[in-house]
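# Structural characterization, general
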Amino acid sequence: MSADKRREKMHTLDVTVWVGKNGIEPVIDELETQLENQRYVKVKFHRSARGGTDTEELAGELADRVDATAVETRGHTAVIER
């Protein structure tokens, strides 16, 4: 897949995983399930989840937990790829 097509695919994704005040732990199983069925998953990090950390750091930690990669972060949203 070309870089432009990949970027377009990631941009058009809907957010399907939301990380709230309980942090990343409660969404790990859901993200794992979604990544079994599709290559990219878009994750939104609410303010209460971020605390003193930034979206890139949280996305990287979440991706590591499901053996995937955080390929893009923008604002408070990240795309996880496996």
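Look a little higher up for the structure.
Read on for an overview of the structure. Computed from a predicted structure; not experimentally measured.

Reading the values: the criteria
- Residues numbered from 1 in each chain as written.
- Predicted model: local features only at pLDDT ≥ 70, side-chain atom pairs only at ≥ 80, totals over all residues.
- Heavy atoms only, no water.
- Core = buried A, V, L, I, M, F, W, Y, C linked by side-chain atoms within 4.5 Å.
- Buried < 20%, exposed > 50% of the residue type's maximum accessible area, 1.4 Å probe, protein only.
- Helix = DSSP H or I, 4+ residues; strand = E, 2+ residues; numbered from the N terminus.
- Contact = heavy atoms within 4.5 Å.
- Pairing = 2+ DSSP bridges.
- Axes fitted to C-alpha atoms, helices over the stretch in contact; angles between N-to-C directions.

### Comments concerning the nonpolar core
The biggest cluster of nonpolar side chains holds 19 residues, and the ones touching the most others in it are V19, L31, L35, V43, F45, L62 and I80. Here this core takes four residues from helix α4 (residues 55–65), the largest share from any one element. Once you skip the residues sitting within four places of it in the chain, L35 turns out to touch V41, V66, A68, I80, E81 and R82.

### Quick notes on the sheet that holds strand β2 (residues 40–45)
The mixed open sheet is built from four strands, whose spatial order is β1-β2-β4-β3. Since the sheet does not close on itself, it has two edges, and those belong to β1 (15–19) and β3 (69–74), each with one partner. Across the sheet, the axes of successive neighbouring strands diverge by a mean angle of 30 degrees, strand direction being ignored. As judged from the five bridges shared by β2 and strand β4 (residues 77–81), these two strands associate in the antiparallel manner.

### A short note on unusual backbone geometry
Peptide bonds are mostly trans, and most non-glycine residues show a negative phi. Even without a glycine there, the phi angle at D67 is positive, about 55 degrees. You can see D67 is positioned in the loop between α4 and β3.

### Regarding the side chain of E81
In this fold, E81 is placed in strand β4. By relative accessible area, which is 11% here, E81 ends up buried. Setting aside chain neighbours within four positions, we find E81 in contact with R6, L35, R39, Y40, A68, T69 and V71.

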